[in-house]
Amino acid sequence: MTTNRTFTMIKPDAIANGHMGAIIDHIIKAGFKVIALKYTSLSPEMAGKFYEVHAERPFYKDLVAFMSSGPIVAAILEKDNAVADFRTVIGATDPQKADAGTIRNLYAKSIDANAVHGSDSDENAMIEGNFFFSAFERN
Ligand code: CMP
């Protein structure tokens, strides 16, 4: 089933570098409606749980340390074809390979500090949105 929602996090690098407002603006101008939005931070335990699908990958430890190093913004977004369209808007995981004008091309520096996360499937969008937001927060 295809849903019209995706989930994003603005990562600690983008917050620390002052890009939070520009990235939210970019997302809205790209046609996404903000359904839920939260400025918060992740403990190492929570970051580890969020990214546990990557637990066996060599970058997992660094990823967990980085994602718990400072505040983040979590959001549920809505648009037709949300998951795929949002991945186009943010660009490739490695900012060096991200197309010009994408969020990672504009605001990210490295594959670790890559400014934003975007869900890779409808199923994960649901799981990730539920991780951060209670039922009444994601109506
Ligand atoms: P994200 O979309 O948040 O999902 C997992 C994250 O792991 C990814 O963005 C990157 O920031 C990070 N990462 C670090 N190294 C790699 C790698 N070699 N391949 C994929 N993701 C990586």
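Throughout what follows, the structure given in this document is the object of discussion. Keep in mind that what you see is a predicted model, and the values were worked out from it rather than measured. (Residues numbered from 1 in each chain as written. Predicted model: local features only at pLDDT ≥ 70, side-chain atom pairs only at ≥ 80, totals over all residues. Heavy atoms only, no water.)

Examining the side chain of Glu128
Working step 1: Tracing the sequence through the fold places Glu128 in helix H7 (residues 122–132).
Working step 2: At 2.9 Å, the side chain of Glu128 forms a polar contact with the side chain of His117.
Working step 3: The residues touching Glu128, leaving out its near neighbours within four places in the chain, are Phe7, Phe50, His117 and Ser119. (Helix = DSSP H or I, 4+ residues; strand = E, 2+ residues; numbered from the N terminus. Polar contact = N/O pair within 3.5 Å; in protein donor to acceptor, adjacent residues only side chain to side chain. Contact = heavy atoms within 4.5 Å.)

Digging into the layout of surface pockets
Working step 1: The volume enclosed by the largest pocket comes to roughly 700 Å³.
Working step 2: Every residue lining the largest pocket is counted, 25 residues in all, and those nearest its centre are Tyr51, Val53, His54, His117 and Glu128.
Working step 3: Elements with a minimum of two residues in the lining of the largest pocket: helix H3 (44–50), helix H5 (82–90), strand E4 (116–118) and H7.
Working step 4: It is H7 that provides the largest number of residues to the lining of the largest pocket, a total of four residues.
Working step 5: Along the lines of polarity and charge, the residues of the lining of the largest pocket split into nine nonpolar, seven polar and nine charged.
Working step 6: Around the second largest pocket, the lining residues are Thr3, Asn4, Arg5, Thr6, Ile76, Asp122, Ala125, Met126, Gly129, Asn130 and Arg138. (1 Å grid on protein atoms, 1.4 Å probe; cavity = no way out; pocket = protein on both sides within 12 Å on 5 of 7 lines; lining within 4 Å. Points joined across faces, edges and corners; volume = space filled by probe spheres on them. Nonpolar A, V, L, I, M, F, W, Y, C, P; charged D, E, K, R; others polar.)

Quick look at unusual backbone geometry
Working step 1: For Asn81, which is not glycine, the phi torsion reads 55° and is therefore positive.
Working step 2: Along the polypeptide, Asn81 turns up in the loop between strand E3 (72–78) and H5.
Working step 3: The exposure class of Asn81 is partly exposed, given its relative accessible area of 43%.
Working step 4: The phi dihedral of Ala115 is positive, around 70°, even though this residue is not glycine.
Working step 5: We classify Ala115 as buried; its relative accessible area is 0%. (Buried < 20%, exposed > 50% of the residue type's maximum accessible area, 1.4 Å probe, protein only.)

Topic: the packing of aromatic side chains
Working step 1: Considering all chains together, one arrives at seven aromatic pairs under this definition.
Working step 2: Members of the aromatic cluster, each reached through a chain of ring pairs, are Phe7, Phe50, Tyr51, Phe131 and Phe132.
Working step 3: One residue, Lys79, lies across the ring of Phe32, its end atom 5.6 Å from the ring centre. (Phe/Tyr/Trp six-rings, centres within 6.5 Å; stacked < 30°, edge-to-face > 60°. Lys NZ or Arg CZ within 6 Å of the ring centre and 35° of its normal.)

A few points about the nonpolar core
Working step 1: Counting 19 residues, the largest nonpolar core has Phe7, Met9, Met67 and Phe132 as the members making the most contacts within it.
Working step 2: Take this core: its biggest share by element is five residues, from helix H4 (residues 60–67).
Working step 3: Residues contacting Phe132, with those up to four places away along its chain left out, are Phe7, Met9, Lys38, Thr40, Leu42, Phe50, Ile72, Ala74 and Glu137.
Working step 4: Counting 18 residues, the second-largest nonpolar core is a separate cluster that includes Ile15, Ala82, Phe86 and Ile103. (Core = buried A, V, L, I, M, F, W, Y, C linked by side-chain atoms within 4.5 Å.)

Observations concerning the sheet that holds E4
Working step 1: Spatially, E2-E3-E1-E4 is the arrangement adopted by the four strands of the open sheet, whose pairing is antiparallel. This sheet does not close on itself; its edge strands, each paired only once, are strand E2 (33–40) and E4. Averaged over all neighbouring strand pairs, the angle between strand axes comes to 15°, with direction disregarded. (Pairing = 2+ DSSP bridges. Axes fitted to C-alpha atoms, helices over the stretch in contact; angles between N-to-C directions.)

Without other data, these values stay purely geometric and don't point to any function.
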